[in-house]
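# What the coordinates show
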Amino acid sequence: MAAPEAWRARSCWFCEVAAATTMEATSREAAPAKSSASGPNAPPALFELCGRAVSAHMGVLESGVWALPGPILQSILPLLNIYYLERIEETALKKGLSTQAIWRRLWDELMKTRPSSLESVTCWRAKFMEAFFSHVLRGTIDVSSDRRLCDQRFSPLLHSSRHVRQLTICNMLQGATELVAEPNRRVLETLASSLHTLKFRHLLFSDVAAQQSLRQLLHQLIHHGAVNQVSLYSWPVPESALFILILTMSAGFWQPGPGGPPCRLCGEASRGRAPSREEGSLLLGSRRPRRDAAERCAAALMATRRKSEAKQMPRAAPSTRVTRRSTQESLTSGGTDPKRELYPPATSHEAPGTKRPPSAPAATSSASASASSSTSSSKRAPASSAPQPKPLKRFKRAAGKKGARTRQGSGAESEDLYDFVFIVAGEKEDGEEMEIGEVACGALDGSDPSCLGLPALEASQRFRSISTLELFTVPLSTEAALTLCHLLSSWVSLESLTLSYNGLGSNIFRLLDSLRALSGQAGCRLRALHLSDLFSPLPILELTRAIVRALPLLRVLSIRVDHPSQRDNPAVPGNAGPPSHIVGDEEIPENCLEQLEMGFPRGAQPAPLLCSVLKASGSLQQLSLDSATFASPQDFGLVLQTLKEYNLALKRLSFHDMNLADCQSEVLFLLQNLTLQEITFSFCRLFEKRPAQFLPEMVAAMKGNSTLKGLRLPGNRLGNAGLLALADVFSEDSSSSLCQLDISSNCIKPDGLLEFAKRLERWGRGAFGHLRLFQNWLDQDAVTAREAIRRLRATCHVVSDSWDSSQAFADYVSTM
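Residues numbered from 1 in each chain as written. Predicted model: local features only at pLDDT ≥ 70, side-chain atom pairs only at ≥ 80, totals over all residues. Heavy atoms only, no water.

## Comments concerning the overall build of the chain
Here is the rule: Secondary structure elements follow DSSP: runs of H or I no shorter than four residues count as helices, runs of E no shorter than two count as strands, and numbering proceeds from the N terminus. Per-residue accessibility, obtained with a 1.4 Å probe over protein chains only, is compared with the maximum for each type, and a residue is labelled buried under 20%, exposed over 50%, and partly exposed between these values. Here the accessible surface of atoms and residues is derived via Shrake-Rupley with a 1.4 Å probe, and residues count as covered only by protein chains that are part of the display.
Summing up its helical and strand segments, the chain has 32 helices and 17 strands in all. When burial is assessed residue by residue, the chain has 51% of its 816 residues classed as buried. Of the accessible surface of the chain, which amounts to about 36800 Å², a share of 53% is contributed by carbon and sulfur atoms.

This is the structure we're talking about:
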């Protein structure tokens, strides 16, 4: 009897609150209610008025509202603002109430965007709060415009920060300065524990202050936080200093910029202290040769940039926008002080109080840097003792865009995107003029004694690093590629690397060398590599062999080359052909590859090379070949025979955009394989020849296969006749266990689909799983199509769309 009495007491409490607030609420609503009583909108109900009053006074009534019975609380939840709705989530769940529908409605009304059809939203509260945080940070939403977003008792950024798992920084690093500001210190601390993925999109040229803020932000989120993935998207003209700053910070290297505030999380003992030369050697990997070509070339590039900019700095006018800086400067301070090269701070490698005359250039070698920090200043080697290569030319900037890049205000985001398009266009016309041949030659010859490594990295502290790095459509100059390769050679925490359309060219050889060095490091965790580009100096199969040899512990390899290999014009003379240690005829050692995806350019591929990779991949479970062409069906049969003999663990096999019209016997061979669980023939022209004879043979092979679970046949012109023939796979005398069928884009009409549904009903097979029907001609008879889908849903889960076949045909004809 105690429980009902408690409920009754709480209900009476709510009634008392309602009575106390009804008169105030009714007086405010009286005039509108009288004027609209006869209109279409009825006045608010008494309960709603009470709920609004309670919502407005939640600061006082919150604990009492949490104790309300479930039925009353359920009616109050939609009236709360987002802050109290988020706080009451746990209490609502204990009472058996869900707030997901409320958060979904808030998303539709306030965000006004529709999530992608491919996205499966498991928690609308987290999705809303994460998007809300980004909008508030960028200033694209006004919290005072809606009572559900405005509450003086809460900070929008702080309250929503704990739900942020993914943060995107765009254009001119908007939001970085706000996050590192002292008023948002608690926000940044919360992000450090909740944020997992950091993305950069459409970056533009940033100023000095923005780069310094980004440096502090990355240090907090990566080195002292939980961020494990950094992704860069669509950066057609990367700013060298900013790009290398992001890379080195992601790899765990850190050195405070001059004039920047010290990191209170690093501890008093480590502030302003740089590791010794021996520490730097350990950070960069002591087992790797220190005078390899990539290091020496990168060091020569940085020494040249540093010297040329030191000469030009006294003559150059101060600029509010960062131009293309040296790699040395970006690795140490990101270019936060234009005078740093002439007057290095005391936190660098000079003792406090040491002054350098304005005419003396900064030291470039790590040896002289370490010597300057000791008391034996007489042993310091002058920076000009080594011959310097020819200075590098800079990017040409598009004229008249300075004001656009520094524009601020509420419309900055759209204007930045507008400027981004035309800035990129202007700089593409100007092009990149870099003369690095002489520099690289000098480094490779070892004529520069200062090229003993990367001094800036050796002068940095090593912290936590990310495990996933993704670069999408970010062209890599030789300077950036050398820096990336140098970092990769000791990046043991890296687990997944994605390089998509980066224009590597001949730098792919340096990448392979760095991956080979990384593979030799103790504790190397790289298990997934995704590589795609327009061109490659190596044929794709030779490149695949080289990668598998360099990374024998790799589990996932995805590689795509859009166009046939061409002979590049590499920057380093004498390196026109692939090195002998990269391309060889020796057998590939056994590897741990489990998933292999390959996208081929046009042209016949040598089957023996592919077979050599497959023979060495005994653990392969998934293979995908896209646009592969072989000289003859016999070559394709050789590949399939290799799969049967050497890849006994293979479960999933996919072919896309391949002409298999002449390989029908090989297709039947696959369908009879009792180890495969899923086969995909996507746009493979299977039924282009002998369909009347091939379809019964195919159905017979599938009826006898009890291990095949999924069959995907999109884009093969199956038609109504082929669909009805395929229905026989589910007949009573079939031993097939097929549960997933994809027949999208197969010219299927409503009457054929209806007959297919009737046959499944007649055979009474029950639910067999998923059926995909995208982009078929079902709009020709909507009534029949609906009836067919209704019958099919009693048998399986149907996924379809409202595709307009007539418009699609018109689009196809217009492009012919």
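## Digging into helix 11 (residues 185-194)
Because each turn of an α-helix spans 3.6 residues, side chains separated by three or four positions in sequence point in the same direction. As a reminder, the rule being used: Contact between two residues is taken to exist if any of their heavy atoms lie within 4.5 Å; hydrogens are not considered.
Considered for burial, the residues of helix 11 that qualify are Val187, Leu188, Leu191, Ala192 and Ser194. The secondary structure elements touched by the buried residues of helix 11 are helix 8 (124-138), helix 9 (156-161), helix 10 (176-180) and helix 12 (208-223).

## Some words on the packing of aromatic side chains
Using the following cut-off: Aromatic rings from Phe, Tyr and Trp, with only the six-membered ring used for Trp, were paired whenever their centres fell within 6.5 Å, and each pair was classed as stacked if the ring planes differed by under 30 degrees, edge-to-face if by over 60, and tilted otherwise. Comment: the charge-over-ring label is applied if NZ (Lys) or CZ (Arg) is within 6 Å of the ring centre and within 35 degrees of the ring normal.
Per the stated rule, a full pass over the model turns up eleven aromatic pairs. Grouping aromatic residues by their ring pairs yields a cluster made of Phe630, Phe636, Phe655 and Phe681. A cation over an aromatic ring shows up here: arginine 462 above the ring of phenylalanine 253, its NZ or CZ 4.4 Å from the ring centre.

## Brief notes about the packing of helix 13 (residues 240-250) against helix 22 (residues 478-488)
What describes two packed helices is the angle between their axes and the distance between those same axes. Cut-off, in case you're wondering: The angle between two axes is taken between their N-to-C directions and runs from 0 to 180 degrees, where each axis is a line fitted to C-alpha atoms and a helix contributes only its stretch in contact. Each angle gets one of four labels, with under 35 degrees taken as roughly parallel, over 145 as roughly antiparallel, 65 to 115 as roughly perpendicular, and the rest as oblique. Amino acids outside the nonpolar list (Ala, Val, Leu, Ile, Met, Phe, Trp, Tyr, Cys, Pro) and the charged list (Asp, Glu, Lys, Arg) are all regarded as polar, and Gly is one of them.
In the contact formed by helix 13 and helix 22, the axes pass within 11 Å of each other and the chain directions differ by 10°. Considered as vectors, helix 13 and helix 22 are oriented roughly parallel to each other. Of helix 22, the residues touching helix 13 (which contributes Ser240, Phe243, Ile244, Leu247 and Thr248) are Glu479, Ala480, Thr483, Leu484 and Leu487. Tallied by class, the residues present in the contact of helix 13 with helix 22 amount to six nonpolar, three polar and one charged.

## Considering the pattern of salt bridges
Cut-off, in case you're wondering: For salt bridges, the criterion is a side-chain nitrogen of Lys or Arg within 4 Å of an Asp or Glu carboxyl oxygen.
The tally for this structure, following the rule as stated, stands at 26 salt bridges. Between arginine 685 and glutamate 688 there is a salt bridge, with the nearest N and O atoms lying 2.8 Å from each other. Classification of glutamate 688 by relative accessible area gives partly exposed; the value is 45%. Two residues, aspartate 733 and lysine 703, come together in a salt bridge whose shortest N-O distance is 3.3 Å. Here aspartate 733, found in the loop between helix 29 (719-726) and strand 15 (740-742), pairs with lysine 703, found in helix 28 (residues 691-703); they are 30 residues apart in sequence, far enough to count as distant. Given a relative accessible area of 15%, lysine 703 falls into the buried group. Look at the salt bridges and you will find they share partners, linking Glu761, Glu787, Arg790 and Arg791 into a network.

## Let's talk about the packing of helix 26 (residues 633-646) against helix 27 (residues 664-671)
Two elements in contact, helix 26 and helix 27, have axes separated by 9 Å at closest approach and are oriented at 10°. By the angle class used here, helix 26 and helix 27 are roughly parallel. Between helix 26, through Pro633, Phe636, Gly637, Leu640, Gln641 and Lys644, and helix 27, the contact on the second element is made entirely by Glu666, Phe669 and Leu670. In terms of residue class, the contact of helix 26 with helix 27 is made up of five nonpolar, two polar and two charged.

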